[in-house]
Amino acid sequence: AHSMGNRVMLSAFADNVEKFRNSQPRIGQIIFSAADVYVDIFQQKFPKMSDIGLTKTSYVHQNDLALLASRLFNQTSRIGRFPEDSAEFHQHGLETIDVTPVSEDSRRLSLNHGYPYGNARVLTDLEYLLKDRKKAEDRGGLKMAPNNKYWVFK
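In this text the structure is predicted, and so the values were computed from the model without any measurement.

Here is what the cut-offs are and how they apply
- Along each chain, the written sequence defines residue order, and numbers are assigned to residues from 1.
- The model is predicted, so local features are restricted to residues of pLDDT at least 70 and side-chain atom pairs to those at 80 or more, both for listing and for counting; the totals for chains, interfaces and linings are taken over all residues.
- Hydrogen atoms and water are omitted, and side-chain values are computed over all heavy atoms in the structure.
- Per the convention used, a helix needs a DSSP run of H or I reaching at least four residues, while a strand needs a run of E reaching at least two, with both numbered from the N terminus.
- Exposure is judged per residue with a 1.4 Å probe applied to protein chains only, and the accessible area is read against the type maximum: over 50% gives exposed, under 20% gives buried, and values in between give partly exposed.
- Throughout, a residue-residue contact means that at least one pair of heavy atoms, one from each residue, lies within 4.5 Å.
- By definition, pLDDT measures how confident the predictor is in each residue, and it falls between 0 and 100.
- Between N or O atoms, a polar contact is any pair within 3.5 Å; within protein, one atom must be a potential hydrogen donor and the other a potential acceptor, and residues adjacent in sequence are included only when both atoms are from side chains.
- What makes a salt bridge here is a side-chain nitrogen of Lys or Arg within 4 Å of a carboxyl oxygen of Asp or Glu, nothing more.
- Any two strands with at least two DSSP bridges between them are considered paired.
- In this analysis an axis means a line fitted to C-alpha atoms, helices contributing only their contacting stretch, and an angle means the value between N-to-C directions, from 0 to 180 degrees.

Novice: So what's going on with the side chain of Asn-6? Which residues, and what values?
Specialist: Its location among the elements puts Asn-6 in helix α1 (residues 5-14). What makes Asn-6 buried here is its relative accessible area of 0%. Setting aside residues no more than four positions away along its own chain, Asn-6 makes contact with Ala-1, Ile-31, Phe-32, Ser-33, Ala-34, Ala-35, Asp-36 and Val-37.

Shown next as structure tokens:
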């Protein structure tokens, strides 16, 4: 899901765990992209979906101006805004990926909010995640951040 669509996806999975746990076809990758989701709501709901999906990934950006506006308007942090909202945020079972190093040239793409769909390196990473089902450690274009809490593009 992208932006506010993450709220719907998170609630759908977390509030209907039994329905999705053994669904056919089985749920594969769950991707939170530029997630406009309150951190406290995410922390409440995300653990409920621990056994749904193979991998859960969150793509974040340091300069996502749409999420900055949402944060300022709502006076609460967002999962997809990095670093002040996500650098210290770590949820077991979630691979967080900072796309800032490879998407600075995408300022023309809706305030750095459309980066998941307008950057070749991010799209390639999504392909490895969706098509090949590779975890972050197995996708060649990523490296662990110095604090060992999230991933960044090389």
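Novice: Now, about the confidence of the model for the chain: what can you tell me, with residues and values included?
Specialist: Residue-level pLDDT values for the chain average 85, and 89% of them are 70 or greater. At the low end of the mean pLDDT range in the chain sits helix α6 (residues 115-118), at 76; at the high end sits α1, at 95.

Novice: Tell me about the side chain of His-61, residues and numbers included.
Specialist: As for its placement among the helices and strands, His-61 is situated in the loop between β2 (55-60) and α4 (65-74). Given a relative accessible area of 0%, His-61 falls into the buried group. Of the polar contacts made by the side chain of His-61, one reaches the backbone nitrogen of Asn-63; its length is 2.8 Å.

Novice: Tell me what's going on with the pattern of salt bridges, and back it up with residues and numbers.
Specialist: Pairs can form between side chains of opposite charge once their charged atoms are near each other. In this structure the tally under the stated criterion is seven salt bridges. Here Arg-7 makes a salt bridge to Asp-36, at a shortest N to O gap of 3.3 Å. Here Arg-7, found in helix α1, pairs with Asp-36, found in the loop between β1 (29-33) and α3 (39-45); they are 29 residues apart in sequence, far enough to count as distant. Since its relative accessible area comes to 27%, Arg-7 is described here as partly exposed. Given a relative accessible area of 6%, Asp-36 falls into the buried group.

Novice: How would you explain the sheet that holds strand β5 (residues 151-153) if you had to name every residue and give the values?
Specialist: Overall, mixed pairing links the five strands, which are arranged β1-β2-β3-β5-β4 in an open sheet. Lying at the two open borders of the sheet, with one neighbouring strand each, are β1 and β4 (142-144). Each neighbouring strand pair of the sheet contributes to a mean axis angle of 30°, computed without reference to strand direction. In this structure, β1 lies alongside β2, joined through five bridges in parallel fashion. Bridged to Gln-29 within β2 is Thr-55. Contacting β1, β2, β3 (94-98), β4 and β5, helix α7 (residues 120-130) crosses the sheet at an angle of about 175° to β2.

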